[in-house]
Amino acid sequence: MNHNITSISIPMDADVSAQAEAMFHELGLNLATACNIFIRQSLRQGGIPFPVNLDGPNEETIDAMLEAERIAKDPSVKGYTDFQELFTDLEA
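Student: Teacher, can you tell me more about a nonpolar patch on the surface here?
Tutor: On the surface, Ile8, Ile10, Met12, Val16, Phe38, Ile39, Leu43, Ile48, Phe50 and Val52 cluster together into a nonpolar patch covering about 1,000 Å² of accessible area. The biggest single contributor to the nonpolar patch is helix H2 (residues 31-45), with three residues. Assignment of secondary structure puts Phe50 in the loop between H2 and helix H3 (59-73).

Written out as structure tokens, the structure reads:
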């Protein structure tokens, strides 16, 4: 088996690197081995081996946000300028 090895240098935030090294050490790995695992899995799967997406609101949250916006713009919905006024109406 040909073990033609190459080295790469990856710029990384020092704190992130230290945290990753500590975590992988707990798993019995070093950072280089963890990177090799990631790259091999990426090659096996033909892409990044986990979902990569932007964190954003889900459909239910988007619906709630749109409803809140609609309510805020609805002139027939009573608004309150202070909590006391709200509590007075709630007690009625």
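Student: What am I meant to see in the pattern of salt bridges here?
Tutor: When their charged atoms lie close together, side chains carrying opposite charge are able to pair. Counted according to the given criterion, the structure contains four salt bridges. One salt bridge connects Lys78 with Glu85, and the closest N-O pair in it is separated by 3.9 Å. Put simply, Asp89 and Lys78 hold a salt bridge, and the shortest N to O gap is 2.8 Å. One end of the pair, Asp89, is in helix H4 (residues 83-91); the other, Lys78, is in the loop between H3 and H4, and eleven residues separate them in sequence. Looking at Lys78, the relative accessible area reads 48%, which means it is partly exposed.

Student: So what exactly am I meant to see when it comes to the packing of aromatic side chains here?
Tutor: To describe a pair of aromatic rings, you give the distance between the ring centres and the angle between the ring planes. The full count for this structure, using the stated rule, is two aromatic pairs. Between Phe38 and Phe50 the ring centres are 6.0 Å apart and the planes differ by 40°, which places this aromatic pair in the tilted class. In this pair, Phe38 sits in helix H2 while Phe50 sits in the loop between H2 and H3, placing the two residues twelve residues apart along the sequence. Overall, Phe50 belongs to the partly exposed group, its relative accessible area being 46%.

Student: What exactly am I supposed to notice about H2 here?
Tutor: One turn of an α-helix holds 3.6 residues; hence residues three or four places apart share an orientation. Over its 15 residues, H2 runs 21 Å from end to end, which matches the ideal 21 Å to within 8%, given 1.5 Å per residue. Its side-chain oxygen placed 3.2 Å from the backbone nitrogen of Ala32, Asn30 serves as the N-cap of H2. In the stretch just after H2, Gly46 is the one whose phi turns positive, near 70°.

Here is what the cut-offs are and how they apply
- Residues numbered from 1 in each chain as written.
- Predicted model: local features only at pLDDT ≥ 70, side-chain atom pairs only at ≥ 80, totals over all residues.
- Heavy atoms only, no water.
- Patch = residues over 30% accessible without salt bridge, like charges linked within 9 Å, V, L, I, M, F, W, Y side chains within 5 Å.
- Areas by Shrake-Rupley, 256 points an atom, 1.4 Å probe, with all protein chains shown as cover.
- Salt bridge = Lys/Arg side-chain N within 4 Å of Asp/Glu carboxyl O.
- Helix = DSSP H or I, 4+ residues; strand = E, 2+ residues; numbered from the N terminus.
- Buried < 20%, exposed > 50% of the residue type's maximum accessible area, 1.4 Å probe, protein only.
- Phe/Tyr/Trp six-rings, centres within 6.5 Å; stacked < 30°, edge-to-face > 60°.
- Expected span 1.5 Å × (residues − 1).
- Polar contact = N/O pair within 3.5 Å; in protein donor to acceptor, adjacent residues only side chain to side chain.

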